[in-house]
Every structure is written in structure tokens, then in C-alpha cells.
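In case you want the letters, here they are:
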Amino acid sequence: MSTQKLEVRNKVPFGQKVAFGVGMFANQMFPAILGIFMVVLVQSFGFNGWLWSLVYFFPRIFDSITDPIMGFISDNTKSKWGRRKQYVLIGAILMGVAFTLMWQLYTYDSLQYNFWYFFLWSIVFYLGLTFFSVPYVAMGYEMSDDFHERTNIMAVAQWIGQWAWVIAPWFWVIMDDPDWFPSQDVAVRELAIWVAVPCAIAAMVPAIFIKSKSTLEENYEPLTVSNIGGSLVQIWESFKDAFKIEEFRRICGATFLIFNAFNTVAALTYFVIVYRLFNGDAAATGIWVALFGCIGALGTTFIVIPAVAWMSKKMGKKKAFMLAQGISLVGYIMMYFLFVPGKPWLYIIALPFFSFGIGSLFTIMMSMTADVIDIDELNSGKRREGIFGAIYWWMVKVGFAIAGALSGVIIGVVGFNPELATTEQQTAVDGLHAFFCFFPAVGTIIAMLIMKNYDVSEERSNEIRKALDDKKAAKLASYAKMRELSDIDLNLLSEQEIKLKYPSFFTTAVDFGKLSQKEVKREFKRVFENGMTGICFSAYEPGQSPGDNITEGQIRKRLEVLKGHTQWIRIFSCTNGHELIPRIAKELGFKTLMGAWISNDLDQNQKEIKSLVELINDGVVDIAAVGNEVLYRNELNEQNVIEYINQVKNQSNGTPVGYVDAYYEFINKPELTNACDVILANCYPFWEGANDKVAGFHLQEMYHRTLEAAKGKKVIIAETGWPSKGQAVHGAYPSEENTMKYFIKTQLWAQKEQVDMFYFASFDESWKIHSEGWAGTSWGLWDKDENFKFN
């Protein structure tokens, strides 16, 4: 039954895919037409190259800044219509109105007036585009949780959207045909309406027809100024993390050069064809300007993309990239010699070669980015497609803004004047033609040099995947017994029946299957009021994240909340104010498990170690933890960690020293276990997909396996818990009721077996949305504002 439901949910009706695709047509048609209409600013309204640069650059930079803000707002919107639809609808209307009004320019108005009028309406238009495009693209990702069905959704959308680039070039023909319009300025005023209205309607289609569910009850971040600012800080931190990966830097650098060198001169296409081939006579140009863009788009769709996909499969991505860009260089050179006045048909010969440059770029680069994301997962333990995608496309947008500005600079540098015929400015026209052919060629050559040492081959990619699989397999192997148990349909058994079937496991005397939610709350309150051995402490307030400095005031406020509920607190870092926590905690009567945060930042590691040793010597540390999940994140190797442990042990004055990581690291690494005075194991049945009935038993299995590996050393569960909201992991479902059940079972077991255990966590942590999703923000017994969640 569950399988059938899954299939129904994942299969998106074709009509829904088309509705999403219609939105993609608008998403691509607006910028496509905008690029064509921009020519009129120079041709009819007298904008010089510098003014062209300003109206190209600043609105697009504004767009690149507002996108991540809109992403945060859209992700955290609570409404009965869901997170996205209302913004898509507002954006569609705003784009349509702004696009119409921004082109209501008249030649009798001053140049200064027309510049500021167009500039300000451009800002409004790009604001509308942000409102529309960011939530619109997210809608597509949310339509299905099936990998292949998502591909089908995007394929339909891209196929529909690509027609915008086939249709758009024909507006050049219409604008310059005196049978249609007496002049270009009249043409854009009227055509803007004919473009804006149907495109705005097309943009509304996803908002109207794509289904979405209410988010009123979701555990989203409040849309406050501080939270939005905190989101931008996290985006910046993500940028820095991503650019630490050399392969990603190469991909971004090569994309930036090829895409933006191409787009710098793409805006000059009209001028080069009209003035190089037709002596400045726009009316005589006929369909040749339109054919350039139209044939190029069709060639990309039906020739380049299939050919590059085939090449990539046969010879690998890097070689396919090099070959495709090499073909494009041939095309750029041919364009220089085949732009012959009076013989426009010659350039068609070069178009298939020319199209390989930009046409192959994203097909290969997006695939390479997926490989880099695997590297990031191996390094960080996190799967961050959204972050890498956002960074990649942010760079493309910023580069596009720079490209538009550069096209204006080129017009100014060569001294091109659209009011003069070619014969009166042959040098300027020749200069435009040379830039048109050789500027993207230079960008392509530099990009190829950057990618020369890109080394994520198929062989290395397979090695990375194997390492990821081995890492996951090790985790699952240590849970083999519980995995076997999970294969039994425990939903058919009561806890008493499980106890009879598996007598070695502890279970409560309470049959949760027979308790109402109110009775579960009553039992939770009883167990909670008995107190905990320990709890993991976080002092970060909303808007703060690792790296921010914390104050004595916020530490005291939060520790006061915990008084009477726990004997121990666990602290994760010794710097940026965290060194104050054990001193205040001791003052308030807590015992401390004090951690030094260790990572691949070696200088920062020494600061953490030095601070930890000072705190030990000051007598405010009961147990010292050198590092937390460093091996899980793959930031250091086992020997590095052991060296840090020994460094602290040599200065610990008898204070027990250990290391915190996932329980299976101690099972699989005996040398690490031997180096520790005490074994500090993180045990998370939730992240391993254990359902609420088996989760308590899963924790016991983790502990006993670690205890066996410890060979007589004390084992402390350094972290365990259950999120109250967020995304499910296989059979593990976040909910307040499941959190209470897990808390009851694990606390009673720990008390009976005299197991020292730190519950995770004290307070909800908003900043974890970027690394662990919504479940990561909701592990606290108290919310982020220090309100107890289970009253």
C-alpha cells in the first residue's frame, strides 16, 4: 500500500509539467526580448556606450543581491497557499507592468530624462523578476521527490522555455520593418505591451495551476530583519566553503570567462550585422539579424547539446569540454572571415561551430558541478546541491551584469556611432567586428587553460563515490543487527511483544501504543522533572551562528533556564566567548564536558587547544573533548586527531580527555579508542532512519557495541536526541510526540543502566537550516527563544 502511494505522489501529471514549463517560457522570454530592445537605446535614444553600461550593469547587480534574500523569504513563508505561489503571482504582475512602462520612451524627451526613467523602471522590473523567478524555480524542485521525475519536469520546462530564444530574434526584423512601424522607438513602445501581457499571463500559470499545500503549521524561520541578515551571513560562509574546493574554482572561473565573454559581444550582434554586412541600413537587413539568433538557438537545441552529451560519455567530461570549446574557436575565427559585406548567407556556415561554445557550456559544467558536490560531501559530510547551485548561478548573474557593461565600454572604446553609415566610420565598425569574434575567443582560450589541470576524471569520480559509499556502509554495518530488526514489521508489535521477542533489550513498562498524546505528555513531564545527567548547550541566539562572538549575558540567561534540569552541560568550543561558559557553569553548580572545536583550520585549532588547556588548569573542566565529528566530516585523519588528543593529555593534570564522534568511528578505529581516556560517542537513531518503535533499541545497540570496542574504558553518550519538526529520514519521523517518546525511553534506560548520556539539545538552533535542513533546527527541548516546547 505504501509503495503505491509513493508512486502516485512522485508521478507528476503531464499537465502540471506543462504548467511549470509555460512559466519557464516567460522566465526566458522577458530577458531575451530585453536584450533585443536594448539596441534601441543606442540606435534611437542616443545612449552612448557608458550610459548603456550603467543601465546594463546596476539593475542586474541589484538582481543578484535580491535573489538570495528572496530565497530566504520564500523558503520561510507560512501561508495557506504554500511558500511560493503568491510571490510568483506578484512577480508576474510586477514584471508585466514594469516591462511595459520602462519602454514608454519618447525621442523628444531629454537624454537625461530617458536614462533615469529607464534606469528606475529597470530596477522595478528586476525586482519583479526576483519575486517571480526565485520561488518559481523552487516550485519545480518541490513538484516531486523522485530524481528521474524531477529530470522529466525540467526537460519539459527547458524545451518550452528554449522557444523564447528561437522567437525573440525575429523582433529585430519586426522593429526595423517600416511596414510594421515607422521607427524603432514606436516599435518598442507598442511591442513592449504585446510582449508583457502574454508573458505576464504565462508567468501566472504556475501560480494558478500548480498544486501546493498550506505551510501555516510548518516550523519555519520568522521573517525578521535579523533572520534575513543571518541568512546572508550563512550564504557568505557557504561561498567561502565552496571556493576552498579547487575544482569548483576552476569550473566557476571557466564558466565566468566563456559565458560572459560571449554575452559581452552578443549584445553587439545587431550592430555588427547591420553595419558590417548592410552598411548601416537596418531596413535592408531583413531577416538576417533574426536568423543569426534563431539558427544558433535551434542548433544548440538539436545539434550541440546531443553531440556534447555523446562526446562526454565517450571521452569524458574534461575532454568533451576541451573539444567543444576548440570547435567554438574555429567558429569565432570563421566568423571573422565570413562576415562579408553583401554576402550575409556566408555566416551560416560558421554558426554550427560558433554555437558549440556557449551551447556546450552548461551541459558539461552542471554535470561537473555535481561531481564537485560529491567532493564537498566527502570533505564536509553534507550534501549541499542548493548552496553550490546558488553560488554558481549567482556568479553567472554577476558576470552577465559585467558583460552588459563591457559591451557598452566596447562601443565607447571603438567610437561607434549608430547615426553614421559604415563608410563614415569603417574603423569603428571593423573594431566592433574584431571584438565580436576575438573577445569570446580570448575568454575561451583562458578558460581552457584554467580547465587544463581539472582532474575530476571518471576514475576519480568513481573513487570519490566509493569513498562515500564506504563511509555510509561503515555506518550501516555497525548497525547490522538493528537493520535486521528494522526489517521486521515492528508496527504490528507492541513494545511488550518486542521485549518478549528480544529480551536483551530494555524497554519501558509503558505500552506507548495504548497511550493518548495527552498521556504521553504526562509521562514525559514526569521523566523530565526527574532531571537529566547532561545536555548539549548552545548559547547562539537567533541570527547568530558559529564564528559569532557570544556574550556573558546570553550565556547566563540560557544557563539559568537549565538549572535544576541537568547535572552536566556539554560545550562545543573554547573561543569566541565560549571560554566563558564553563566558568559561569561552575558558578551555577553544573559539571562541564568542555570541547575544543577542531577542523582543517590548523591555526584556529591551536587557539582552541590553548584555551582548553587554560580552562583545565583553572579547574573549570571536568571532562575535556578534543574535537567533534572531525573524522565524520573528513576534515582531518585519525593520526591528526590522536596527536591533538595527546597534546591536551600531556597538559591535562589528570582531567579525563576524549574525542567526540559517531559511535562507529570508535568501533572501526581501535588506535583512536586507545588514545582516549573516555569514549564520547554520538548516537543518532534518527539519522539512521530508525522508526519511533525501534529507535530506543537502536540506541542501546549503539552503546553496547561501543562499550565492547572500548575494552573497559568509560563510554559516555555525548549526543542523542530527536527533532520535533522537519524532514523525515526513511522511517524516522520528526514530531513533538516522537521526541517525547524517545526522551522517555532513553532517559529511563540510561537511569536504569547507569549510562551517562547528554541529550541533544538544549535550545533550537536556527543556523543549522543550511547544513541539516529543517530537522536540524528543531532538536531543542526549548525553542530558540528559551520557551519550553512540551508544556
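In what follows, the structure referred to is the one given above.
A few points on the structure. (Residues numbered from 1 in each chain as written. Predicted model: local features only at pLDDT ≥ 70, side-chain atom pairs only at ≥ 80, totals over all residues. Heavy atoms only, no water.)

### What about the packing of aromatic side chains?
This is how the line gets drawn: In this scheme Phe, Tyr and Trp rings, the latter by its six-membered ring, pair at centre separations within 6.5 Å, and the angle between planes marks the pair as stacked below 30 degrees, edge-to-face above 60, and tilted otherwise. Helix and strand definitions here come from DSSP, where helices need a minimum of 4 consecutive H or I residues and strands a minimum of 2 consecutive E residues; each element is numbered from the N-terminal end. The buried label applies to any residue whose accessible area, calculated with a 1.4 Å probe on protein chains only, is under 20% of its type's maximum; exposed applies above 50%, and partly exposed to all values in between.
The final tally for this structure, using the stated rule, is 57 aromatic pairs. Look at F524 and F790: their rings are 5.2 Å apart centre to centre, the planes differ by 55 degrees, and that puts the pair in the tilted class. Of this pair, F524 sits in helix α22 (residues 517-529) while F790 sits in the segment after α31 (769-776), and the two are 266 residues apart along the sequence. On the basis of relative accessible area, F524 is assigned to the buried category, the value being 1%. Residue classification places F790 among the buried residues on the basis of a relative accessible area of 6%. Measuring from centroid to centroid gives 5.2 Å for Y684 and W779, while their planes differ by 80 degrees, and the two rings are edge-to-face.

### Describing the sheet that holds strand β1 (residues 532-536)
Either a parallel or an antiparallel arrangement is found when strands of a sheet pair, and the pairing is made through backbone hydrogen bonds. Basically, it comes down to this: Paired strands, in this sense, are two strands between which DSSP finds at least two bridges. Each axis is a line fitted through C-alpha atoms, taken for helices only over the stretch in contact, and angles between the N-to-C directions span 0 to 180 degrees. Throughout, a contact is declared for two residues whenever any of their heavy atoms are within 4.5 Å.
A barrel is described by the order of its strands in space; here eight strands give the closed sequence β1-β2-β3-β4-β5-β6-β7-β8, paired in parallel fashion. Averaged over all pairs of adjacent strands, the angle between their axes in this sheet comes to 25 degrees, without regard to strand direction. When β1 meets strand β8 (residues 757-759), the two strands line up parallel, connected through two bridges. Opposite G534, over in β8, you have F758 as the bridge partner. The strands touched by helix α30 (residues 736-753) within the sheet are β1, β7 (715-720) and β8, with β8 carrying the most contacts at an inclination of about 165 degrees.

### Brief notes about unusual backbone geometry
The residue after F760, namely A761, is reached through a cis peptide bond having omega 15 degrees. Within the element layout of this structure, A761 appears in the loop between β8 and α31. Phi at Q754 is positive, roughly 55 degrees, even though this residue is not glycine. Note that Q754 resides in the loop between α30 and β8.

### Some thoughts on the pairing of β7
Defined as follows: The handedness of a crossover follows from its direction of travel: if, with the strands pointing away from the viewer, the path from the first strand over the helix to the second runs clockwise, the crossover is right-handed.
Most of β7 is tucked away, with six of its six residues classed as buried. One ladder, built from two bridges, connects β7 with β8; its direction is parallel. The residue of β8 that forms the bridge with I717 is M757. Following the backbone out of β7, through α30 and into the adjacent parallel β8, one traces a crossover that is right-handed.

### Focus: the nonpolar core
Here is the rule: Take the buried Ala, Val, Leu, Ile, Met, Phe, Trp, Tyr and Cys residues and link them wherever side-chain atoms come within 4.5 Å; each set so joined is a nonpolar core.
Counting residues in hydrophobic clusters, the biggest one holds 135 residues, and the most contacted among them are F37, F99, W103 and F271. Per element, the largest residue contribution to this core is 16 residues, and it comes from helix α2 (residues 14-43). Counting 99 residues, the second largest nonpolar core, distinct from the first, contains V641, I645, A695 and V755.

### A look at the environment of T215
Along the chain, T215 turns up in the loop between α8 (184-209) and α9 (225-242). On the accessibility criterion, T215 (4% relative accessible area) is buried. Linking T215 and K80, residues 135 residues apart in sequence, is a C-alpha distance of 6.1 Å.

### Side note on the pattern of salt bridges
Note the cut-off: The salt bridge criterion pairs a side-chain nitrogen of Lys or Arg with a carboxyl oxygen of Asp or Glu, the two atoms within 4 Å.
Enumeration over the complete set of coordinates arrives at 25 salt bridges. Two residues, E665 and K669, come together in a salt bridge whose shortest N-O distance is 2.6 Å. In this structure E665 comes out as buried when scored by relative accessible area, which is 5%. Its salt-bridge partner being D764, residue K789 comes within 3.0 Å of it at the nearest N-O pair. Here K789, found in the segment after α31, pairs with D764, found in the loop between β8 and α31; they are 25 residues apart in sequence, far enough to count as distant. The class for K789 is buried, based on a relative accessible area of 16%. With relative accessibility at 9%, the residue D764 sits in the buried group. Through salt bridges with shared partners, one network takes in E541, K557, R558 and E786.

### What to know about helix α23 (residues 552-562)
To keep it simple, the criterion reads: Directions pointing from the helix axis toward each C-beta atom define the arc.
Among all positions in α23, only Q554, I555, R558, L559 and L562 are buried. Along the long axis of α23, the arc covered by the buried residues comes to 125 degrees, so they all point the same way. Buried residues belonging to α23 abut β1, β2 (566-571) and α24 (581-587). Of the residues trailing α23, G564 is marked for its positive phi of about 90 degrees.

### Digging into α22
Quick note on the threshold: Between the first and last residue of a helix there are one fewer steps than residues, each counted as 1.5 Å, and that sum is the expected span.
Over its 13 residues, α22 extends 18 Å from the first C-alpha to the last, a length consistent with the 18 Å expected when each residue adds 1.5 Å. Of the positions making up α22, those classed as buried are V520, E523, F524, V527 and F528. Buried residues of α22, seen end-on, are gathered within an arc of 135 degrees and therefore sit on one face of the element. α22 presents K518, R522 and E529 as exposed residues on the side facing more than 90 degrees away from its buried surface. Each element contacted by the buried residues of α22 is listed here: β1 and α30. At the exit of α22 stands G531, carrying a positive phi of roughly 90 degrees.

### Notes on the environment of A92
Structurally, A92 can be placed in helix α4 (residues 85-102). Overall, the relative accessible area of 0% leaves A92 in the buried class. With 41 residues separating them along the chain, A92 and S133 place their C-alpha atoms 9.1 Å apart. Setting aside chain neighbours within four positions, we find A92 in contact with F132, A200, A203 and M204.

### Here we look at the environment of V657
Within the secondary structure, V657 is located in strand β5 (residues 657-662). Apart from residues lying up to four places away in sequence, V657 is in contact with A624, V626, I645, V648, K649, S652, C676, D677 and V678.

### Topic: the side chain of E765
Definition in use: Residues adjacent in sequence count toward polar contacts only when both atoms are side-chain atoms; beyond that, a polar contact is any pair of N or O atoms within 3.5 Å, and within protein one must be able to donate a hydrogen and the other to accept it.
Take E765: it is sitting in the loop between β8 and α31. Side-chain polar atoms of E765 contact the side chain of S538, separated by 2.9 Å. When residues no more than four places from it in sequence are discounted, the contact partners of E765 are S538, Y540, F760, G776 and T777.

### Some details on the pairing of strand β3 (residues 591-596)
On a regular strand, each side chain points to the face opposite its neighbour's, so the side chains alternate between the two faces of the sheet. The buried fraction of β3 is high, at five of six residues. Note that β2 and β3 share four bridges and pair parallel. Along β3, the bridge assignment pairs I571 with M594. Read as a crossover between parallel neighbours, the route from β2 over α24 to β3 is right-handed. Across four bridges, β3 lies against strand β4 (residues 623-628) in parallel orientation. When the bridges of β4 are listed, M594 appears paired with A624. In this view, the connection linking β3 to its parallel neighbour β4 by way of helix α25 (residues 602-617) has right-handed handedness.

### Quick word on the packing of helix α11 (residues 269-277) against helix α18 (residues 426-451)
Let me state the cut-off plainly: Each angle receives one of four descriptions, namely roughly parallel if under 35 degrees, roughly antiparallel if over 145, roughly perpendicular if within 65 to 115, and oblique otherwise. By definition, any crossing whose near helix is turned counterclockwise from its far helix by less than a right angle is left-handed, and any crossing with a clockwise turn is right-handed. Polar here means any residue other than Ala, Val, Leu, Ile, Met, Phe, Trp, Tyr, Cys and Pro, which are nonpolar, and Asp, Glu, Lys and Arg, which are charged; Gly is therefore polar.
Two elements in contact, α11 and α18, have axes separated by 10 Å at closest approach and are oriented at 135 degrees. Between α11 and α18, the angle is such that the two are oblique. The crossing of α11 and α18 is left-handed. Residues T269, F271, V272, Y275 and R276 of α11 form the contact with α18, whose own contacting residues are Q426, V429, D430, L432, H433 and F436. Among the residues forming the contact of α11 with α18, the class breakdown is six nonpolar, three polar and two charged.

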